[in-house]
Amino acid sequence: MIDLKNLTIEEAHESLKRGEFTCRELANAYLKVIKEKNPEINAYIEVYDDVLDQADEMQKKFVSKTDTILTGIPFAIKDNILIKERIVSAGSKILENYKASYDATIIKNLKKAGAIFLGRTNMDEFAMGSSTQTSAFGVTKNPIDTTRVPGGSSGGSAAALAGDMTLAALGTDTCGSVREPSAFCGLVGLKPTYGAVSRQGIIAMGNSLDQVSPFGKCARDVEIIFDFLSNYDEEDSTSVSDELRDSRLKNQNSNSKKIGVPWHLFKEGIDTEVQENFKESLDKLKKAGYEILDIELPHAKYSLAVYYIIMPAEVSTNLSRFDGIRYGYSAEGENLMDIYKKSRHNGFGKEVRRRIILGTYVLSHGYYDAYYIKALKVREKIKTEIMETFKKVDYILTPTVPITAFKLGEKLDDPVSMYLCDIFSAPANLSGVPAIALPSGVSKDGLKFSIQFMASHGREDLLFEVGKKFETIM
Ligand code: GLN
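Residues take numbers from 1 onward in each chain, read along the sequence in its written order. Per-residue local features of the predicted model are confined to residues with pLDDT of at least 70, and side-chain atom pairs are confined, for both listing and counting, to 80 or more; whole-chain, interface and lining totals are unaffected and use all residues. Computation of side-chain values: all heavy atoms of the structure, hydrogens and water removed.

Let's talk about the overall build of the chain
Only runs of H or I of at least four residues qualify as helices and only runs of E of at least two qualify as strands under DSSP, and these elements are numbered from the N terminus. For the chain, the count of helices and strands is 16 helices and 11 strands. Between the two quantities, the radius of gyration covers C-alpha atoms and the globule rule is 2.2 Å times the number of residues to the power 0.38. The C-alpha atoms of the chain give 21 Å as radius of gyration, which agrees with the globular expectation for 474 residues (23 Å, within 12%). Each principal axis of the C-alpha atoms in the chain carries an extent, and together these give about 70 × 65 × 50 Å. The buried share of the chain, taken over its 474 residues, is 58%. Accessible surface area values rest on a Shrake-Rupley calculation with a 1.4 Å probe, where residue burial reflects the displayed protein chains alone. Split by element, the accessible area of the chain, about 19,300 Å² in all, is 51% carbon and sulfur. Distance between charge centroids for the chain: 2 Å, based on 60 positive and 65 negative side chains. Each residue's exposure class comes from its accessible area (1.4 Å probe, protein chains only) as a fraction of the maximum for that residue type: buried when under 20%, exposed when over 50%, partly exposed otherwise. Positive charges are assigned to Lys and Arg, negative charges to Asp and Glu, while His and the chain termini are left out of the count. Think of each charge as sitting on NZ of Lys, CZ of Arg, CG of Asp or CD of Glu.

Here's the deal with the pairing of strand S4 (residues 168–173)
Burial analysis of S4 places 6 of its 6 residues in the buried class, the great majority of the element. Burial of the side chains of S4 extends over both faces: Ala168, Leu170 and Thr172 are buried on one face and Ala169, Gly171 and Asp173 on the other. With 3 bridges connecting them, strand S2 (residues 74–78) and S4 associate as parallel partners. Bridged to Phe75 within S4 is Ala168. Pairing between strands requires that DSSP locate at least two bridges from one strand to the other. In terms of strand pairing, S4 meets strand S6 (residues 211–216) through 5 bridges, oriented antiparallel. Looking at the pairing, Asp173 lines up with Gln211 of S6.

Things to note about the site of the ligand
Each residue is tested against the molecule or strand, and it is near if at least one of its non-hydrogen atoms lies within 4 Å. Of all residues adjacent to the ligand, which total 15 residues, the nearest are Thr174, Cys175, Ser177, Tyr307 and Arg355. Between N or O atoms, a polar contact is any pair within 3.5 Å; within protein, one atom must be a potential hydrogen donor and the other a potential acceptor, and residues adjacent in sequence are included only when both atoms are from side chains. Interatomic distance of 2.6 Å between a side-chain N/O atom of Tyr307 and an oxygen atom of the ligand. Here an oxygen atom of the ligand and a side-chain polar atom of Tyr308 are 3.4 Å apart. Notes on the ligand: free accessible area 300 Å², of which the protein chains cover 100%.

Description of unusual backbone geometry
Residue Ser153 follows Gly152 across a cis peptide bond; omega there is 5 degrees. Mapped onto the elements of the fold, Ser153 is located in the loop between strand S3 (116–121) and helix H5 (155–162). Look at Ala90: it is not a glycine, yet its phi comes out positive at around 55 degrees. Tracing the sequence through the fold places Ala90 in the loop between S2 and helix H4 (105–113). Positive phi values are uncommon outside glycine, yet Ala127 reaches one of about 70 degrees. Of note, Ala127 is situated in the loop between S3 and H5.

A word on the pairing of S2
Of all 5 residues that make up S2, 5 are buried, and the element is covered over most of its length. Residues Pro74, Ala76 and Lys78 of S2 are buried on one face, and the alternating residues Phe75 and Ile77, pointing to the opposite face, are buried as well. Two strands pair when backbone bridges link them, and S2 and S3 are joined in this way by 5 bridges, in the parallel orientation. Within the sheet, the bridge partner assigned to Phe75 lies in S3 and is Phe117. With the strands pointing away from the viewer, any crossover whose connection runs clockwise from the first strand over the helix to the second is right-handed. Viewed along the sheet, the connection from S2 through H4 into S3 turns out right-handed.

Topic: the pattern of salt bridges
When a carboxyl oxygen of Asp or Glu lies within 4 Å of a side-chain nitrogen of Lys or Arg, that pair is called a salt bridge. Evaluation of the coordinates by the stated rule reveals 24 salt bridges. Note that Asp323 and Arg326 form a salt bridge whose closest N and O atoms lie 3.2 Å from each other. Across the salt bridge formed by Arg354 and Glu351, the nearest N and O atoms sit 2.9 Å from each other. Here the residue Arg354 and the residue Glu351 both occupy positions in helix H12 (residues 350–362), the gap between them amounting to 3 residues, near one helical turn.

Notes on the sheet that holds strand S5 (residues 188–191)
Taken in spatial order, the 11 strands of this open sheet run S1-S3-S2-S4-S6-S5-S10-S11-S9-S7-S8, and their pairing is mixed. Two strands in the sheet have a free side with no partner beyond their single neighbour: strand S1 (44–47) and strand S8 (291–294). Adjacent strand axes in the sheet meet at a mean angle of 30 degrees when their direction is disregarded. By the bridge criterion, 2 bridges tie strand S7 (residues 258–261) to strand S9 (residues 395–399) in an arrangement that is parallel. Bridging from a neighbouring strand, Ile259 pairs with Tyr395 of S9. Axis definition: a line fitted to C-alpha atoms, over the contacting stretch in the case of helices. Angles run 0 to 180 degrees between N-to-C directions.

Description of the UniProt feature "active site" (unreviewed entry) in the chain
Annotation from UniProt places "active site" (unreviewed entry) at Lys78, Ser153 and Ser177. These annotated residues cover 100 residues of sequence, and their C-alpha atoms lie no more than 10.9 Å from one another, placing them together at a single site. Looking at the element boundaries, Lys78 is found in strand S2. Exposure remark for Lys78: the relative accessible area of 1% places this residue in the buried category. Throughout, a residue-residue contact means that at least one pair of heavy atoms, one from each residue, lies within 4.5 Å. Residues contacting Lys78, with those up to four places away along its chain left out, are Thr121, Met123, Ala127, Ser153, Ser154, Ser157, Leu170, Gly171, Thr172 and Ser177. At 2.8 Å, the side chain of Lys78 and the side chain of Ser153 are in polar contact. Relative to the helices and strands, Ser177 resides in the loop between S4 and helix H6 (179–185). In this structure Ser177 touches Lys78, Ala127, Gly129, Gly152, Ser153, Ser154, Thr172 and Phe215, once residues within four positions along its chain are discounted. In this structure the side chain of Ser177 is engaged in a polar contact, spanning 2.7 Å, whose partner is the side chain of Ser153. UniProt positions are given in the numbering used here, feature names are shortened, and annotations may be inferred rather than shown by experiment.

A word on the nonpolar core
What tends to happen in soluble globular proteins is that the nonpolar side chains get buried as a cluster. Phe75, Ile106, Phe126, Leu170 and Phe453 are the most contacted members of the largest nonpolar core, which has 135 residues in total. Of all hydrophobic cores here, the second largest spans 9 residues; its members include Ala183, Phe184, Val401 and Ala405. We define the nonpolar core as a collection of buried residues of types Ala, Val, Leu, Ile, Met, Phe, Trp, Tyr and Cys that are connected through side-chain atoms lying within 4.5 Å of one another.

Rendered as structure tokens:
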């Protein structure tokens, strides 16, 4: 029996290399758990029927000694990442049977490394949500407490990993969609620097904010996956060049121990338990030799407002391509306009329609300057403040989410309260800096706490360093 609960990527790799188990045995162990748990948890929308064939194929890499640390490692993939000839639906009815015609760049990377794809995971429709309850394919439950949400929008990937239904998982993070489910499911989640990971072959939500983001059971697992995801890609015009990557790393301080805490942001809406856990985490970091400094980010309090203008603007533009003609579902109609209208009305869920309407509004003549342009200006201020702050500190620390995993059904009728979950996520996406969510303890009710470290552009290495350290002092 393979101890899936405690298995890490490194250990799995060593065992595969030593022949303690084969790729097929490892994949089969996960398939068994999926069979047992997925009907209730609904982490996967689809489990691929060729998993064992993939495993046998990858086993050959060990024979020919062309294996990498990811060879034979099973992955769960969010349903908005293209894998050639497989269905990719973004959790939406409008793309229900849509098959990808090519591999996303990151999928090419993972295939080359020898990863195995177990299936595609449930998500909030088009990645819009914080609870995986807006999917057209049912809600996903949190394996830690099945009366609660796993977080979202990448809740399926998080639930798959937390429920031992995979060893590694990918999501996308436009404003916390990997960090928040990591927090609710007790996992590590990294939102990379904007442009570090290619967006080619990802179904776009907000192009200026989206990043493919890995989940892991520990910081080291996330680091391993990130290394395979992150590279310059000429097919993504926002991909960071090799020169810039190198120069960002060269500005290294040798002793990265300064943590800035923006206390002024922690005023309202944060659970007392979350605040207490945050303070306890700070004490532990202090004891471990980190210096804690007060910092001011005067414009960060507008992050959520800015995000909920810029994101819908980008959403309304991106989703205009789903017109009932070019992709997926097409409704019957009397003429072209009627087909457009009916396909979009029936194909998209309520939350997606809400955001398309909001986005169309903020981009419309007469409102464009008042909302969209103003939001872009404030975004610039938020970014500048964060970059200036990183001249004084190595990290910015906040809780990952102001609350713990909430009950299924909660907040569905109150979009604003759902949007408030993103309060600590937004600054990293708006400014493009990387951020990592790390488990920081368990509540009286067995729910998970999490803290978030941000670092300056290109400094994921610092986040892995502090992440690994934090795991030892927890
Ligand atoms: N909660 C965010 C939203 O609803 C999540 C977006 C994301 O990261 N995909 O917009």
